[in-house]
Amino acid sequence: MSWQVFVRATAGADLENLDEGDRQTLAFELFGWVESGPPKETRRDVLGVEMFDDSTPSGFCVTYVVDEDDERVLVVRIRKPQGG
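Each value, and the rule that gives it
Residues numbered from 1 in each chain as written. Predicted model: local features only at pLDDT ≥ 70, side-chain atom pairs only at ≥ 80, totals over all residues. Heavy atoms only, no water. Core = buried A, V, L, I, M, F, W, Y, C linked by side-chain atoms within 4.5 Å. Buried < 20%, exposed > 50% of the residue type's maximum accessible area, 1.4 Å probe, protein only. Helix = DSSP H or I, 4+ residues; strand = E, 2+ residues; numbered from the N terminus. Contact = heavy atoms within 4.5 Å. Salt bridge = Lys/Arg side-chain N within 4 Å of Asp/Glu carboxyl O.

Asks: Sorry if this is basic, but what is going on with the nonpolar core here?
Replies: Looking at soluble globular proteins, one finds that nonpolar side chains tend to be buried together. Judged by nonpolar contacts, the single largest core of 15 residues is most densely connected at Leu26, Trp33, Val62, Tyr64, Val73, Val75 and Ile78. Listing elements by their share of this core, those giving two or more residues are helix 1 (9-16), helix 2 (20-36), strand 4 (61-67) and strand 5 (72-79). Discounting chain neighbours no more than four positions away, the residues touching Tyr64 are Trp33, Pro38, Pro39, Lys40, Glu41, Met51, Phe52, Asp54, Val73, Leu74, Val75 and Val76.

What follows is the structure, encoded as structure tokens:
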């Protein structure tokens, strides 16, 4: 099965603020979610919505929502690693 990964406008703006190398690295890491799905390691509840805040291998913090039934991921925010 393949997961669909969507980027919300807020996360799109976060991507635009990265330099080209960081954008490419993060895109490659998120592309890996298409095959295996997101890691879903750090769960939190925001106003009744289950969200996840996980780090990519390069250290970016990605906040996202998952629809398990349709195998979809909505990336809400992206933050650079501390000191990066």
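Asks: Honestly, the pattern of salt bridges in this entry has me stumped. Any pointers?
Replies: Pairing is possible between side chains of opposite charge, provided their charged atoms come close. Tallying each qualifying case throughout the model produces 8 salt bridges. The salt bridge partner of Asp22 is Lys80, with a shortest N-O separation of 3.3 Å. Taken together, the residues Asp22 in helix 2 and Lys80 in the segment after strand 5 connect sequence positions 58 residues apart. Owing to a relative accessible area of 38%, Lys80 belongs among the partly exposed residues under this scheme. Of the charged contacts in the structure, one is a salt bridge between Arg44 and Asp53, with a shortest N-O distance of 2.4 Å. Take Asp53: its relative accessible area is 17%, and that puts it in the buried class.

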